[in-house]
Amino acid sequence: LAKTTQPISMDSYEGQEVNITCSHNNIATNDYITWYQQFPSQGPRFIIQGYKTKVTNEVASLFIPADRKSSTLSLPRVSLSDTAVYYCLVGDISLANNLFFGTGTRLTVIP
Amino acid sequence: DAGVIQSPRHEVTEMGQEVTLRCKPISGHDYLFWYRQTMMRGLELLIYFNNNVPIDDSGMPEDRFSAKMPNASFSTLKIQPSEPRDSAVYFCASSLRTGGQGIEQFFGPGTRLTVL
């Protein structure tokens, strides 16, 4: 079971880059790594997904080392609106019962 | 696209009553998930469907919980009888299998259930 471990909380000042690391030592060959963002009173929202190396989209980058036992979500120049809980998920949709959201990382952006 | 639609958004009921939560997934998606979120336990996967067929319901807490997906555009989660410990936010999410096996789930706004 590819359970994940993330820091419970992080604080950052506005305008800084934030890196949130997730450990997933038991990741399987077919597993993808996906990050979600959740604001209070809303459902989680997909941010980014990757299998290996680096993936970048308009909101974030995802860095995955060669052994895939961890991943790092990078948020460039955060703003107050990035204050949310960030979840790292690993899994394969064909085994969706292995999808654990865990406790997530509560990011607080400070003005 | 309207996204995943859930109803009701809020439900307050008394212990012992039957509760039915509804979900309309995004058109064309072939996976549907039901989650429950509480402060104590976080987000828990209850059950998921693929092409309207329940694939795994091992996360359903008790026989009081049941879920159906009669067609590709509708699913229900029923609790009968409800208990105060069922109070939580229930999310429905849908997904489309991509060429790889990556998972991008689209979540609905949730139903906040309070059982008195």
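Quick note: structure is the one above.
Conventions we followed
- Within each chain, residues carry numbers counting from 1 in the order of the written sequence.
- Working convention: letters from A go to chains and numbers from 1 go to ligands, in the order in which they are written.
- Given that the model is predicted, a residue must reach a pLDDT of at least 70 before its local features are reported, and side-chain atom pairs must reach 80 or more before they are shown or counted; all residues, however, enter totals for whole chains, interfaces and linings.
- With hydrogens and water stripped out, all remaining heavy atoms of the structure feed into the side-chain values.
- Only DSSP runs of H or I reaching four residues or more are called helices, and only runs of E reaching two or more are called strands; each is numbered from the N terminus.
- Computation of the radius of gyration draws on C-alpha atoms alone. For the globule rule, the value is 2.2 Å times the number of residues to the power 0.38.
- Each residue is assigned to one of three classes by its accessible area relative to the maximum for its type, calculated with a 1.4 Å probe on protein chains only: buried under 20%, partly exposed between the two thresholds, exposed over 50%.
- A contact between two residues is defined here by any heavy atoms of the two lying within 4.5 Å.
- Note on areas: Shrake-Rupley, 1.4 Å probe, and residue coverage restricted to the protein chains presented here.
- The charged-residue count follows a simple rule in which Lys and Arg add positive charge and Asp and Glu add negative charge, with His and chain termini not counted at all.
- To locate a charge, take atom NZ for lysine, CZ for arginine, CG for aspartate or CD for glutamate.
- Think of a nonpolar core as a cluster: buried Ala, Val, Leu, Ile, Met, Phe, Trp, Tyr and Cys residues, connected wherever their side-chain atoms sit within 4.5 Å.

Next up on the list: the overall build of chain B. Regarding its fold elements, chain B presents zero helices and eleven strands. The secondary structure elements of chain B, listed N-terminal to C-terminal, are β-β-β-β-β-β-β-β-β-β-β. Taking 13 Å as the expected radius of gyration for a compact globule of 116 residues, we find that chain B reaches 14 Å, a close match to that expectation. When its C-alpha atoms are laid out on the principal axes, chain B stretches across 45 × 30 × 30 Å. Sorting the 116 residues of chain B into buried and exposed places 48% on the buried side. Taking the intrachain contacts of chain B between residues at least 6 apart in sequence as the baseline, contacts between residues at least 24 apart amount to 55%. By element, 51% of the accessible surface of chain B is carried by carbon and sulfur atoms, the whole surface being about 5,700 Å². In chain B, 11 positive and 13 negative side-chain charges are present, and the distance between their average locations comes to 3 Å.

On to the nonpolar core. The biggest cluster of nonpolar side chains holds 21 residues, and the ones touching the most others in it are W34, L77 and Y90 of chain B. Residue assignment for this core shows that the elements contributing at least two residues are β3 (19-24), β4 (31-38), β5 (42-50), β7 (65-71), β8 (74-79), β9 (88-95) and β11 (111-115) of chain B. Non-local contacts of Y90 of chain B, meaning those with residues more than four positions away in its chain, are made with Q6, L21, Y35, R36, L46, F65, L77, I79, G110, T111 and L113 of chain B. Membership of the second largest hydrophobic core comes to 20 residues, among which are I20, I27, W35 and L73 of chain A.

For the peptide bond that leads from S7 of chain B to P8 of chain B, omega is -10 degrees, which places it in the cis range. In this fold, P8 of chain B is placed in the loop between β1 (5-7) and β2 (10-13). In this chain, Q80 of chain B is followed by P81 of chain B through a cis amide linkage whose omega measures -5 degrees. Locating P81 of chain B in the fold gives a position in the loop between β8 and β9. One non-glycine residue, S41 of chain A, lies in positive phi territory at about 65 degrees. You can see S41 of chain A is positioned in the loop between β3 (32-38) and β4 (45-50). The residue N52 of chain B is not glycine, and still its phi comes out positive at about 75 degrees.

This is a description of form; function is not addressed.
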